[in-house]
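The chain contents come next:
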Amino acid sequence: TTAATGNFDMSIQVGVCAPCGELGVSYWDPAGLASDIDADTFRQYRKAELKHGRICMLGVLGLVAQHTWRFKPFFDQNTDNFQQSPSGIGAAAAGTPSAAYLGLLILIAGYIELNASDDGREPGDFGDPFRFARSYGLDFDGGDDVAQWK
């Protein structure tokens, strides 16, 4: 597909590369999602792509972790370990020792989702929200944060 809507040219965005496209000439879009797209819609799509990719990576990590390790819970009246909790989706069932932790995890994820913003930056670039870079003398919240990462 070759397209440029207004002053936004989809074919020059990051990720356009051979064999599925040629930078500045064409790009691969079999579903037609990028035809007649503007910069704001593209930014929304890119943010969703990064978020879904990160969630998938955490999901795979969770599959490996629940198979390999079991943790001692911080609080629970029914048991003193997670050995009695089922693996998989059964761990979220009511009455299992791990059900309360799933609710806590959802609340934490919701809080982060509502308070984290990448406005004014590249999609997915949240800077240094926990200020770890300061201990190394770096400033990733400044205007030169991209140059410091490269």
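Residues numbered from 1 in each chain as written. Predicted model: local features only at pLDDT ≥ 70, side-chain atom pairs only at ≥ 80, totals over all residues. Heavy atoms only, no water.

**Some thoughts on the overall build of the chain**
Consideration 1: Assigned secondary structure in the chain consists of three helices and two strands.
Consideration 2: Contacts in the chain between residues at least 24 apart in sequence constitute 32% of all its contacts with a sequence separation of at least 6.
Consideration 3: Carbon and sulfur atoms form 62% of the exposed surface of the chain, whose accessible area is close to 11400 Å². (Helix = DSSP H or I, 4+ residues; strand = E, 2+ residues; numbered from the N terminus. Contact = heavy atoms within 4.5 Å. Areas by Shrake-Rupley, 256 points an atom, 1.4 Å probe, with all protein chains shown as cover.)

**A few points about a nonpolar patch on the surface**
Consideration 1: On the surface, Leu 104, Ile 108, Tyr 111 and Ile 112 cluster together into a nonpolar patch covering about 410 Å² of accessible area.
Consideration 2: Tracing the sequence through the fold places Leu 104 in helix H2 (residues 99-115). (Patch = residues over 30% accessible without salt bridge, like charges linked within 9 Å, V, L, I, M, F, W, Y side chains within 5 Å. Salt bridge = Lys/Arg side-chain N within 4 Å of Asp/Glu carboxyl O.)

**A closer look at the pattern of salt bridges**
Opposite charge on two side chains lets them pair, provided their charged atoms get close.
Consideration 1: Tallied over the full model, the rule gives one salt bridge.
Consideration 2: Between Glu 49 and Arg 46 there is a salt bridge, and its shortest N-O distance comes to 3.4 Å. Linking Glu 49 with Arg 46, this pair stays in helix H1 (residues 39-68), spanning three residues, or about one helical turn.
Consideration 3: The exposure class assigned to Arg 46 is partly exposed, which follows from its relative accessible area of 21%. (Buried < 20%, exposed > 50% of the residue type's maximum accessible area, 1.4 Å probe, protein only.)

**Brief notes about the confidence of the model for the chain**
Consideration 1: For the chain, per-residue confidence averages 76 on the pLDDT scale, and residues scoring 70 or more make up 77% of the total.
Consideration 2: At the level of individual helices and strands, the chain shows its lowest average pLDDT in strand S1 (residues 4-5), which scores 53, and its highest in H1, which scores 85. (pLDDT = per-residue confidence, 0-100.)

**Observations concerning the environment of Ala 116**
Consideration 1: Tracing the chain through its elements places Ala 116 in the loop between H2 and helix H3 (145-149).
Consideration 2: Residue classification places Ala 116 among the partly exposed residues on the basis of a relative accessible area of 37%.
Consideration 3: For Ala 116 and Phe 126, which are ten residues apart along the polypeptide, the C-alpha to C-alpha distance reads 7.2 Å.

**Digging into the side chain of Asp 29**
Consideration 1: Turning to its location among the elements, Asp 29 is positioned in the loop between strand S2 (8-9) and H1.
Consideration 2: One buried charged residue, Asp 29, remains without a salt bridge, the closest side chain of opposite sign being Arg 46 at 11 Å.
Consideration 3: Within the local environment of Asp 29, its side chain forms a polar contact with the backbone nitrogen of Leu 33, the two atoms lying 3.1 Å apart. (Lys, Arg positive; Asp, Glu negative; His and termini not counted. Polar contact = N/O pair within 3.5 Å; in protein donor to acceptor, adjacent residues only side chain to side chain.)

**What about the packing of aromatic side chains?**
Two aromatic rings are characterised by how far apart their centres lie and by the angle between their planes.
Consideration 1: Throughout the structure, instances matching the rule amount to one aromatic pair.
Consideration 2: Taken together, a centroid distance of 5.4 Å and an interplanar angle of 45° make the contact between Phe 8 and Phe 42 tilted. You can see Phe 8 sitting in strand S2 and its partner Phe 42 sitting in helix H1, a full 34 residues away along the chain. Of the two residues examined, Phe 8 and Phe 42, each falls in the buried class. (Phe/Tyr/Trp six-rings, centres within 6.5 Å; stacked < 30°, edge-to-face > 60°.)

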